[in-house]
Amino acid sequence: MFTLYTAPLSGNGRKVHMFLEEVGAQYQLSRLDLLKGEQKNPDYLKLNPNGKVPTLIDDGFVLWESNAILLYLAEKFPQARLLPTEAQDRARVFQWLLFEQTTFRPPLSLLMRQTRFTPADQRDQKAIAQAWSEVRTNMEILQSALSGRDYIGRTFSLADLAVLPYVYLASALGADLSVWPTVAAYYQRLSARPSWQKILAWQ
């Protein structure tokens, strides 16, 4: 059985949680309260020295970094076909996993910190404006990638698991997805999956 250390509102945690649900894996959740700093507790830092979520334990094997966890799980559950076997399709998934972490997620994380956890009179309005500009650019990139297809790649894959939580976050922070109708349809399609609905219900 897997143990997943995560937090309900963590986008990185949600993508791993969704994978486990998608494949019907046996797992247990170990919830960390990030606002209380539980991710910085000494016992947890022994598992994940970054003091972040998620962390996965598989029969004593400890792994952190959400997309590394996704890749590991895809190897453990090849029957789920969430990581393509054809070289170019596989490379495309890797491309989007990197894009999600280095480009798509960061401005949304900044907006989350600034608008949800920073007092109004202490917010960096210039940084917020720049982050929204980056979000709009990234949504255009995603809109183009989804043109004529249901998923980022040829089939539902790790790329979709990685991107979905941050499309959700963009919407939750106030982005009007109707500006990007293909992205909006993509979000509606993926968010209807039972795995995602179960994750949203976990608080």
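No experiment lies behind these values; they were computed from the predicted model shown.

Asker: What's the story with the pairing of strand E2 (residues 27-31) in this structure? I'm lost.
Answerer: In summary, the side chains of a regular strand alternate between the two faces of the sheet. Looking at chain direction, strand E1 (residues 2-6) and E2 are connected through 5 bridges and run parallel. Each residue of the ladder has a partner; that of Thr-3, found in E2, is Gln-28. Following the chain from E1 across helix H1 (residues 11-23) to the adjacent parallel E2, one finds a crossover that is right-handed.

Asker: Is there a simple way to explain the packing of helix H5 (residues 125-145) against helix H6 (residues 158-172) in this structure?
Answerer: Axis angle and axis distance: for two packed helices, these are the angle between their axes and the distance between the axes, and together they describe the pair. Where H5 contacts H6, the two axes come as close as 12 Å, and the packing angle between them is 130 degrees. Taken together, the axes of H5 and H6 are oblique relative to one another. Every pair of crossing elements has a handedness; the one defined by H5 and H6 is left-handed. Together, Trp-132, Met-139 and Leu-142 of H5 and Val-163, Val-167 and Ala-170 of H6 make up the contact between the two elements. Class assignment of the residues belonging to the contact of H5 with H6 gives a composition of 6 nonpolar, no polar and no charged.

Asker: It is not clear to me how helix H8 (residues 194-201) should be interpreted in this structure. Could you clarify?
Answerer: Turn by turn, an α-helix covers 3.6 residues, leaving residues three or four places apart pointing in a common direction. Residues of H8 that are buried include every one of Ser-195, Trp-196 and Ile-199, and no others. All buried residues of H8 lie within an arc of 95 degrees about the axis, which places them on one face of the element. Exposed residues lying more than 90 degrees from the buried face of H8 are Pro-194 and Ala-201. Looking at the buried residues of H8, the elements they touch are H1, H6 and helix H7 (181-191).

Asker: Looking at this structure, how should I read the pattern of salt bridges?
Answerer: Oppositely charged side chains can form a pair if their charged atoms are brought close together. Scanning the model with the defined rule gives 8 salt bridges in all. Taking the shortest distance from any N to any O, the salt bridge between Glu-22 and Arg-193 comes out at 2.8 Å. Here the residue Glu-22 occupies a position in helix H1, and Arg-193 occupies one in the loop between H7 and H8, the gap between them amounting to 171 residues. The class of Glu-22 is partly exposed, set by a relative accessible area of 25%. Exposure remark for Arg-193: the relative accessible area of 22% places this residue in the partly exposed category. Its salt-bridge partner being Asp-150, residue Arg-189 comes within 4.0 Å of it at the nearest N-O pair. Here the residue Arg-189 occupies a position in helix H7, and Asp-150 occupies one in the loop between H5 and H6, the gap between them amounting to 39 residues.

Scoring rules and cut-offs
- Residues numbered from 1 in each chain as written.
- Predicted model: local features only at pLDDT ≥ 70, side-chain atom pairs only at ≥ 80, totals over all residues.
- Heavy atoms only, no water.
- Pairing = 2+ DSSP bridges.
- Helix = DSSP H or I, 4+ residues; strand = E, 2+ residues; numbered from the N terminus.
- Right-handed = clockwise from strand over helix to strand, strands pointing away.
- Axes fitted to C-alpha atoms, helices over the stretch in contact; angles between N-to-C directions.
- Parallel < 35°, antiparallel > 145°, perpendicular 65-115°, else oblique.
- Left-handed = near helix turned anticlockwise from the far one by under 90°.
- Contact = heavy atoms within 4.5 Å.
- Nonpolar A, V, L, I, M, F, W, Y, C, P; charged D, E, K, R; others polar.
- Buried < 20%, exposed > 50% of the residue type's maximum accessible area, 1.4 Å probe, protein only.
- Arc of directions from axis to C-beta.
- Salt bridge = Lys/Arg side-chain N within 4 Å of Asp/Glu carboxyl O.

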